[in-house]
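So the chains spell out like this:
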Amino acid sequence: MATATYPPPPPYYRLYKEENYDSAPEPPPPIEGTYVSFGGNYTTEDVLPSLEEQGVPQLYPKDTNVVDYKKELRSLNRELQLHILELADVLVERPSQYAKRIGDISSIFKNLHHLLNSLRPHQARATLIHIMELQIQQRKQAVEDIKRRREEAQRLLKDAFVTLDGQ
């Protein structure tokens, strides 16, 4: 199957011109499940595959409800530093044995990456909460600004009425 950088639009796009927009059929439903795009297979389910599914040994507890992410990330980071130092030693002393060390380092990196990716939903929630708090603060400031300007306008109107009545 030959793939193009950008596939042509589906043929039904011609049905949605300005002059016949009201009579055009409903667009197709969103894709669910797996689909092929640019020659790659993708899925609409947003699930983080386990390390075992990827063929990588898991170096931290398997129960995600019990995992202390901070502790495990620190532990993996220290282990990574140790393995990098051992790799440097192996490259100097026994260069033929470097492949095992590279494999260990790769496994540690994949575990770190998996732990960080499992924190993404929490990060997304925290980001949304922060954005919403900022929006609330901005709206409160806007309301205060409107109140202040209204009071200023009322004061100016009062002054204008006093000036007109005084003449």
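Residues numbered from 1 in each chain as written. Predicted model: local features only at pLDDT ≥ 70, side-chain atom pairs only at ≥ 80, totals over all residues. Heavy atoms only, no water.

Chemist: Run through the side chain of His83, naming residues and quoting values.
Modeler: For His83, the location among the structural elements is in helix α1 (residues 69–93). His83 gets classed as buried once you look at its relative accessible area, which sits at 12%. Contacts of His83, omitting those with residues within four sequence positions, involve Asp104, Ile105 and Ile108. (Helix = DSSP H or I, 4+ residues; strand = E, 2+ residues; numbered from the N terminus. Buried < 20%, exposed > 50% of the residue type's maximum accessible area, 1.4 Å probe, protein only. Contact = heavy atoms within 4.5 Å.)

Chemist: How would you explain the environment of Leu59 if you had to name every residue and give the values?
Modeler: Relative to the helices and strands, Leu59 resides in the loop between β2 (40–43) and α1. The partly exposed category is assigned to Leu59, whose relative accessible area is 35%. It is 28 Å that separates the C-alpha atoms of Leu59 and Tyr42, two residues lying 17 residues apart in sequence. Excluding anything up to four places from it in sequence, Leu59 contacts Glu72, Leu76, Glu79, Ser107, Ile108 and Asn111.

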